[in-house]
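As a plain string of letters, each chain reads:
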Amino acid sequence: MSEALVASQTAGTDLSVPAVSGARQFWRRLRAQRAALVAAAVVALLVLVALAAPLLTAIEGQDPFTYHPSLIDSARGGVPTGSFGGITGGHWLGVEPQTGRDLFARLVYGARVSLGVALGATVVQVFVGVVIGVAAGLGNRWVDQVLSRVTDIIVAMPLMIMSLALLAIVPDSFPRPLLVALVIGLIAWGNVAKIVRAQTLTLKELDYVAAARLSGWGTWRIARRELLPGLAAPVITYSALLFPMNISAEAALSFLGVGVKPPTPSWGQMLTAADVWYQAAPQYLLLPAGALFVTVLSLTVLGDGVRTALDPRAASRLRVGTGRKREAKADASGKKPAVDAGSGQSTVDQGVNTIKSADANAAKEDPA
């Protein structure tokens, strides 16, 4: 926000406002939501497991690619020998049917691929969506119309069908996880652009943006200095909700056989190979499916908590663990700008109006 509206003083008028950091308010509201805190802890644990996958598999003494034919029963069609899918001290979760590869190693390395693809796709979506949305919101009528129509076309494209078509024609020599992230990101940025465009059209009508425009700032300087801080909250909120959607998309594409290719482990690719073993080796199907379910659920709950913390006026979609009373109490305990009961205006708004009145009176008194 322009400095003129932040630190303004008139003769005999003190506009000092007890400011509370927006980040501190955000963390206070987020801590008031127990479900979001539990989800954040689960997500942090999953990320830690994904990052420490080489260390964890080294402790176990296995890797995700080595075949162990001695641990499978060829006479029974490749079912793991032993009880519970071949669980032993050297194979903590057993081994895969037919191949004998260590299931724990493939599960933790699959977390790296699934989370990495979802993160890359989210970054691409946000970057392209913010650029297109800001350009449409700040451009002239023709630019806005062209970019809006392009965005409508992108939104109308079915993600799965377009991804299947694009992934099927790309050579296998291209790194598959990177390709999946790029395809998902470049097809599904339309909703981000729509949100950013709508917010940009609202923000550019505010006084501080008009003041920056009158001071001679260029369009992109206004976007960088004045608009992007105001776009942070909705973009972060929607990004938190995009992440679990992208994990599900990667799993679906790998399950359909056009995503991550073996032997690279991913949860979706593991589900593809496990669909015929759910009776003989149920943990081969349940472990990646359970990991995928817990990850998507945790990220969805965390995204809802972030959305509620950034916009306290929006009610949480969750029914359990939101701590609405404690959240309201946390907001009430924080310092807020003084509000006049009669007019409903904060001290900052009153100060801005005082400045405008003083300027108007000075203009009337000064004949020049």
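Above this text is the structure in question.
Residues numbered from 1 in each chain as written. Predicted model: local features only at pLDDT ≥ 70, side-chain atom pairs only at ≥ 80, totals over all residues. Heavy atoms only, no water.

Caption draft 1: View of the packing of aromatic side chains. Considering all chains together, one arrives at 2 aromatic pairs under this definition. Here the aromatic rings of Phe-26 and Trp-27 are separated by 5.2 Å at their centres, their planes lie at 65 degrees, and the arrangement is edge-to-face. Classification of Phe-26 as buried rests on a relative accessible area of 15%. A centroid spacing of 5.0 Å and a plane angle of 55 degrees characterise the contact between Trp-92 and Phe-104, whose relative ring orientation is tilted. Of this pair, Trp-92 sits in the loop between β2 (79-80) and α5 (103-138) while Phe-104 sits in helix α5, placing them 12 residues apart in sequence. Using a relative accessible area of 35% as the deciding quantity, one classes Trp-92 as partly exposed. Taking the relative accessible area as the measure of exposure, Phe-104 reaches 13% and is therefore buried. Positioned over the ring face of Trp-142 is Arg-141, at 4.7 Å from the centre of the ring. The side chain of Arg-221 reaches across the aromatic face of Trp-217, ending 4.2 Å from its centre. (Phe/Tyr/Trp six-rings, centres within 6.5 Å; stacked < 30°, edge-to-face > 60°. Buried < 20%, exposed > 50% of the residue type's maximum accessible area, 1.4 Å probe, protein only. Helix = DSSP H or I, 4+ residues; strand = E, 2+ residues; numbered from the N terminus. Lys NZ or Arg CZ within 6 Å of the ring centre and 35° of its normal.)

Caption draft 2: Fine view of a nonpolar patch on the surface. A contiguous nonpolar patch, built from Phe-174, Leu-178, Leu-182 and Leu-186 and spanning about 330 Å² of accessible area, is present on the exposed surface. With respect to the helices, strands and loops of the structure, Leu-182 is situated in helix α8 (residues 176-187). (Patch = residues over 30% accessible without salt bridge, like charges linked within 9 Å, V, L, I, M, F, W, Y side chains within 5 Å. Areas by Shrake-Rupley, 256 points an atom, 1.4 Å probe, with all protein chains shown as cover. Salt bridge = Lys/Arg side-chain N within 4 Å of Asp/Glu carboxyl O.)

Caption draft 3: Spotlight on the side chain of Glu-60. Relative to the helices and strands, Glu-60 is located in helix α4 (residues 53-60). For the buried Glu-60, no salt bridge exists, and the shortest N-O distance to an oppositely charged side chain is 11 Å, to Arg-106. Those residues in contact with Glu-60 that lie beyond four places of it in its chain are Gly-90, His-91, Trp-92, Asp-102, Phe-104 and Ala-105. (Lys, Arg positive; Asp, Glu negative; His and termini not counted. Contact = heavy atoms within 4.5 Å.)

Caption draft 4: The arrangement of the packing of α4 against α5 in detail. Contact geometry of α4 with α5 gives a least axis separation of 9 Å together with a crossing angle of 175 degrees. Between α4 and α5, the angle is such that the two are roughly antiparallel. Residue-level inspection shows Ala-53, Pro-54, Leu-56, Thr-57 and Glu-60 of α4 in contact with α5, the latter providing Phe-104, Ala-105, Val-108, Tyr-109 and Arg-112. Looking at side-chain class alone, the contact of α4 with α5 contains 7 nonpolar, 1 polar and 2 charged residues. (Axes fitted to C-alpha atoms, helices over the stretch in contact; angles between N-to-C directions. Parallel < 35°, antiparallel > 145°, perpendicular 65-115°, else oblique. Nonpolar A, V, L, I, M, F, W, Y, C, P; charged D, E, K, R; others polar.)

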